[in-house]
Amino acid sequence: MTLAFILLGALAIVGGIITIAAKNAVHAALGLVGTLLCVAGLFATLNASFLAATQVIVYAGAVMVLFLFVIMLLNANQPVTGRDPVPFVRELAGIGGTLLAGAFVVLAFTYKDPRPLAEGAAALKGGSALVMGETLLTRFLLPFEAVSILLLVAIVGAVALVQRPEAQPDGVPDELEEPIGAARPEREMAPRTGAQPALQAGRESEVGA
Amino acid sequence: MVSTGSYVALSGILFALGMIGVLTRRTAIMVFLSVELMLNAANLALVAFARSWGDPTGQTAVFIVMTLAAAEVAIGLAIIVAIFRKRETTNVDDLAALKG
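Quick caveat: nothing in here was measured; it's all calculated off a predicted structure.

Criteria and cut-off values
- Residues numbered from 1 in each chain as written.
- Chains lettered and ligands numbered in written order.
- Predicted model: local features only at pLDDT ≥ 70, side-chain atom pairs only at ≥ 80, totals over all residues.
- Heavy atoms only, no water.
- Salt bridge = Lys/Arg side-chain N within 4 Å of Asp/Glu carboxyl O.
- Helix = DSSP H or I, 4+ residues; strand = E, 2+ residues; numbered from the N terminus.
- Buried < 20%, exposed > 50% of the residue type's maximum accessible area, 1.4 Å probe, protein only.
- pLDDT = per-residue confidence, 0-100.
- Contact = heavy atoms within 4.5 Å.
- Buried area = accessible area lost by both parts, 1.4 Å probe.
- Polar contact = N/O pair within 3.5 Å; in protein donor to acceptor, adjacent residues only side chain to side chain.
- Axes fitted to C-alpha atoms, helices over the stretch in contact; angles between N-to-C directions.
- Parallel < 35°, antiparallel > 145°, perpendicular 65-115°, else oblique.
- Nonpolar A, V, L, I, M, F, W, Y, C, P; charged D, E, K, R; others polar.

This part takes up the pattern of salt bridges. Under the counting rule described, the total for this entry stands at 1 salt bridge over all chains. Put simply, Arg-139 of chain A and Asp-55 of chain B hold a salt bridge, and the shortest N to O gap is 3.9 Å. With Arg-139 of chain A in the loop between α6 (129-138) and α7 (141-161) and Asp-55 of chain B in the loop between α2 (28-53) and α3 (57-87), this residue pair bridges two chains. With relative accessibility at 56%, the residue Arg-139 of chain A sits in the exposed group. We classify Asp-55 of chain B as partly exposed; its relative accessible area is 29%.

Attention now moves to the confidence of the model for chain B. Residues and elements named next belong to chain B. Summing up the model confidence of chain B, the mean pLDDT is 89 and the portion of residues at 70 or higher is 97%. For chain B, the element scoring lowest by mean pLDDT is α3, at 90; helix α1 (residues 4-24) scores highest, at 93. For this predicted complex, the interface confidence reaches an ipTM of 0.91, while the overall pTM sits at 0.80.

In this section: the interface of chain B and chain A. Between chain B and chain A, the contact holds 73 residues from the first and 89 residues from the second. Summing both sides of the interface, chain B and chain A together bury roughly 7100 Å²; the carbon and sulfur share of this comes to 79%. Summed over the shared surface of chain B and chain A, the number is 1 salt bridge. Where chain B meets chain A, there are 14 residue pairs in polar contact (both at pLDDT 80 or more). For the side of chain B that touches chain A, the elements supplying multiple residues, two or more each, are α1, α2 and α3 of chain B.

Right, let's talk about the packing of helix α3 (residues 49-73) of chain A against α3 of chain B for a bit. At a minimum axis separation of 11 Å, α3 of chain A and α3 of chain B run at an interaxial angle of 10°. In this view, α3 of chain A runs roughly parallel relative to α3 of chain B, as classed from their interaxial angle. Of α3 of chain B, the residues touching α3 of chain A (which contributes Phe-50, Leu-51, Thr-54, Gln-55, Tyr-59, Val-63, Leu-66, Phe-67, Val-70 and Leu-73 of chain A) are Gln-59, Val-62, Phe-63, Met-66, Ala-69, Ala-70, Val-73, Ala-74, Leu-77 and Val-81 of chain B. The residue inventory of the contact of α3 of chain A with α3 of chain B, partitioned by class, reads 17 nonpolar, 3 polar and no charged.

Now the structure itself:
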């Protein structure tokens, strides 16, 4: 048990460092996948078998696939070059992060368990889907239903957000967008004239006349 | 059995790593990845405390946090894609139009 904790914990920290330090966004995402899998293993050592399975399926599976898909769709795997807007932001973040981690470690080891660990672990019954389902559908029924509505709203929102810009009547003026009707007819015309030579000849004769 | 304190210390280290990532990375997607790291650190602490108290309430909270994180990722990445279509960048310094 101790060996599993040390191994999984060290791998999780390595994955976290890769996540925040990798230049390539794909490498960072894969580092986070490693961390998530290690955290799933740690859940299993903490008598939370259902959560371990959910972590692998939902987080390491679905969420990270979505992340990798968007990174590759936007071709965002190259690092952003440019200077930092805040001077010494890296140094300040490093110092702040070290202090925060130190504070957490010191506080964590002052924590006293309210009952023997073996007793608490036995009370969880392995954290199976039965235990989780009983808790979710009795004491936490309202949050459970609220979260299901939230997921529905998120699905609808995501679909609405990534609609085509033409079909999205947002009414917000955007100075970076080309004025409507300026370049669009030519773009539509180009393949049509290429595909129909007879039409193209007719139009050229019109232009010539 | 590994003590609860060890798990919470590991959780704190992962949380600090995520915080450093949020502060230093300049791409919106990388900031999101770091936020996911912080959420997972919090989940780890919740599960450790659930074992310590012998109460599945902490594990239930983790389940709900996972669902919230999935919804947040779906909406957040959709927003990033929509912004990228208009502005051709996901650099958070270029997207500071609402600041101040």
